[in-house]
Protein chains: 2
Amino acid sequence: MPTIKYYLREGLLPAGELTSPNQASYGDAHERRLRLVRALLEVGGLSVAAIGEVLAAVDDGDGPVHDLLGAAATRLVPEYGAGGASGDDGGSAGASGSGGAADAETVLARERVARLIEDRGWRIASGNKAAEALVAALASLGRVGHGGFVELLDDYAEAAERVGRIDLDYVARRVAREDLVESVVVGTVLGDAVFAALRRMAQVDASARTFGEEAPTA
Amino acid sequence: MPTIKYYLREGLLPAGELTSPNQASYGDAHERRLRLVRALLEVGGLSVAAIGEVLAAVDDGDGPVHDLLGAAATRLVPEYGAGGASGDDGGSAGASGSGGAADAETVLARERVARLIEDRGWRIASGNKAAEALVAALASLGRVGHGGFVELLDDYAEAAERVGRIDLDYVARRVAREDLVESVVVGTVLGDAVFAALRRMAQVDASARTFGEEAPTA
C-alpha cells in the first residue's frame, strides 16, 4: 500500500505545516483527506490519476453548484466504459467484420439511449459522458449476443432514477460547499460498490427462490 | 489491446481445430467467446485472471443451477471491495488509531448488513462474498466520515432487489444451461456498467432539478 509520502508526491495530500526543517505536522483535515484517498483507492477502485482529478474538482470551489456537481460526476465515469467501442475494437485481433458490426451496434445503442433520455425527461445533454458510457455498455452487450438485455433498460432506469434521487437528497442535506462535492464523490464511488454488492446479494436471493432448495448455499 | 494469441496463451480461448501444421480454424463458438472476453475486459473492467475464473465457471456445467449461478456470481464480486478493510489498513501510513477505528467500523457495518439480510428475508449465507464486499464498503464510508450514508441502505436495497429480480427473470428465460450462466456473467458485469451509467445520468437530472437552471449544462 502506498504511503503518505507517495500521496504527497502525487499531490493527493497537501503538504503539512513545517514544525522544523525535517518535520511537518498534519491536522484533522489531512487525516480526513488521507482517509478519503484510501477509500477511493481501495473500495472505489479508482486510479491515482483519477483521484487527483476528482480531488481537484472537490477543491476548486467556484461556479454554480450544479456545474460543480457535474464536473465531479463526469470525472467519476468509469474509464473503460466510454470511448473504446469503435476506435480500439476489432483491429489487432482481426475478427471478421467486427469493425462494421461495432458501428451498427453503437448507432443502435445511441438511438436507444437518446430515446430513453427523452422518454424519462432527463435533463442531460446528449454528449454527457455517462450517457456515452451507457451507449458503450449497450453496444457491447449487443456484440456478445445479449442485445436482448436492452429490454431491461426501462426497468433499470426506473431503479436508477430512484437511487439518483436518494443520492441527491443525501447530498442536498450538506450545507458547506466542499462537503457537498465530497459527498458526491464518496457517494458516487462508494455508492457504486454498495449497490453492486446489494445487487449480487439480491440476485443470490432471487436465484435461491427460483432454483434453490430451502437452505442457503451461496 | 491483447491479441487472439494472447487470449489463447492465457487459456481464455480454446485452441482452434488444426487444418494444417501451422493453421487453425475458428468457428462461431470461438468468435462468440472472443467477443465475451473482450466485453468483460473492456466494458466490465475485469482482469485477465478474473475472466479466466469466470469462464471456468461458465464451462464447468455440473451441479444444481443455483450453485452454478452462485459460483459465477461469487467470482464477479469486485476484488477491491472484500478483504482490505482491517488487514491492509492503517499500517504503513501510520494515521493515529486507524487500526482500532477500522475494526469498530467493520464490526458496526457487519451488524448492519446482518440486520439488513434478516429484515429483507434474503436467502443468503452470512459469509457470502457480496455481503462481505458490502461490509467493506460501508466500513469505508464510516471511516471517511460518511457513516450517515448507511441511512440510505434500505432504499438502496429496495432498488437493488428490484434490479436483482429483473436480472433473474432475464436469466430464467434462457433454456440452455451454458447460456444461462453466460447470461449471469454478462448481465452481472455489464449490468453494473449499465446501472452505474444510468445512476450518473439520473444524478445529473436530479441535480439539474434541484440546483440547476433551465438549460442542461452537464
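For the structure, see preceding data.
In short, a report on the structure.

About the criteria used
Residues numbered from 1 in each chain as written. Chains lettered and ligands numbered in written order. Predicted model: local features only at pLDDT ≥ 70, side-chain atom pairs only at ≥ 80, totals over all residues. Heavy atoms only, no water. Helix = DSSP H or I, 4+ residues; strand = E, 2+ residues; numbered from the N terminus. Buried < 20%, exposed > 50% of the residue type's maximum accessible area, 1.4 Å probe, protein only. Contact = heavy atoms within 4.5 Å. Areas by Shrake-Rupley, 256 points an atom, 1.4 Å probe, with all protein chains shown as cover. Pairing = 2+ DSSP bridges. Buried area = accessible area lost by both parts, 1.4 Å probe. Salt bridge = Lys/Arg side-chain N within 4 Å of Asp/Glu carboxyl O. Polar contact = N/O pair within 3.5 Å; in protein donor to acceptor, adjacent residues only side chain to side chain. Core = buried A, V, L, I, M, F, W, Y, C linked by side-chain atoms within 4.5 Å. Least-squares fit on C-alpha atoms with pLDDT ≥ 70 in both. Phe/Tyr/Trp six-rings, centres within 6.5 Å; stacked < 30°, edge-to-face > 60°. Expected span 1.5 Å × (residues − 1).

1. Some thoughts on the overall build of chain A
Alright, step 1. For chain A, the helix and strand inventory stands at 8 helices and 2 strands.
Alright, step 2. Ordered by position from N to C terminus, the α and β elements of chain A give α-β-β-α-α-α-α-α-α-α.
Alright, step 3. The proportion of buried residues among the 218 residues of chain A is 49%.
Alright, step 4. The long-range fraction of contacts in chain A, counting pairs at least 24 apart against all pairs at least 6 apart in sequence, stands at 58%.
Alright, step 5. Of the accessible surface of chain A, which amounts to about 9500 Å², a share of 50% is contributed by carbon and sulfur atoms.

2. Remarks on the pairing of strand β1 (residues 17-20) of chain B
All names here are of chain B.
Alright, step 1. Relative to strand β2 (residues 23-25), β1 runs antiparallel, the two sharing 3 bridges. The partner of E17 across the bridge, within β2, is S25.
Alright, step 2. With antiparallel pairing between neighbouring strands as the criterion, β1 and β2 make up a hairpin whose turn holds 2 residues.

3. Examining the interface of chain A and chain B
Interface size is commonly expressed as the accessible area that is lost once the parts come together.
Alright, step 1. At the interface, 112 residues of chain A touch 111 residues of chain B.
Alright, step 2. A buried area of about 10000 Å², summed over both sides, lies between chain A and chain B, and 66% of it is on carbon and sulfur atoms.
Alright, step 3. If you sort the residues of chain A by the area they bury against chain B, H66, R123 and M201 of chain A come out on top, with a joint share of 8%.
Alright, step 4. Inspection of the region where chain A meets chain B yields 6 salt bridges.
Alright, step 5. Across the pair D192 of chain A and R199 of chain B runs a salt bridge whose closest N-O atoms are separated by 2.9 Å.
Alright, step 6. Linking chain A to chain B there are 20 residue pairs in polar contact (both at pLDDT 80 or more).

4. Focus on the nonpolar core
When a protein is soluble and globular, its nonpolar side chains tend to lie buried together.
Alright, step 1. Counting 122 residues, the largest nonpolar core has L198 of chain A together with L198 of chain B as the members making the most contacts within it.
Alright, step 2. Contact partners of L198 of chain A, with chain neighbours within four places excluded, come to L116, W122, L134, L153, Y156, A157 and A160 of chain B.

5. Let's talk about the relation of the copies chain A and chain B
Alright, step 1. Rotating chain A by 180 degrees and moving it 0.0 Å along the rotation axis overlays it on chain B with an RMSD of 0.0 Å. The transformation relating the two chain copies, once decomposed into turn and shift, fits a two-fold axis. By C-alpha distance to the rotation axis, the residue of chain A lying nearest is A159 of chain A, at 2.7 Å.
Alright, step 2. When the interface residues of chain A are mapped onto chain B, 99% of them are again interface residues, pointing to one common binding face.

6. Describing the packing of aromatic side chains
Alright, step 1. Under the criterion given, the structure shown has 9 aromatic pairs over all chains.
Alright, step 2. Pairing Y6 of chain A with Y7 of chain A gives two aromatic rings, centres 6.3 Å apart and planes at 50 degrees, and the pair type is tilted.
Alright, step 3. Three or more aromatic residues joined by ring pairs form one cluster here, namely F149, Y156, Y170 and F195 of chain A together with F149, Y156, Y170 and F195 of chain B.

7. Section: helix α6 (residues 129-143) of chain A
Residue and element names in this part refer to chain A.
Alright, step 1. Under the 1.5 Å per step criterion, the end-to-end length of α6 is 21 Å for 15 residues, consistent within 8% with the ideal 21 Å.
Alright, step 2. If you check the start of α6, you find a side-chain oxygen 2.8 Å away from the backbone N of A130, and it comes from N128.
Alright, step 3. One or two residues past the end of α6 sits G145, with phi positive at roughly 80 degrees.

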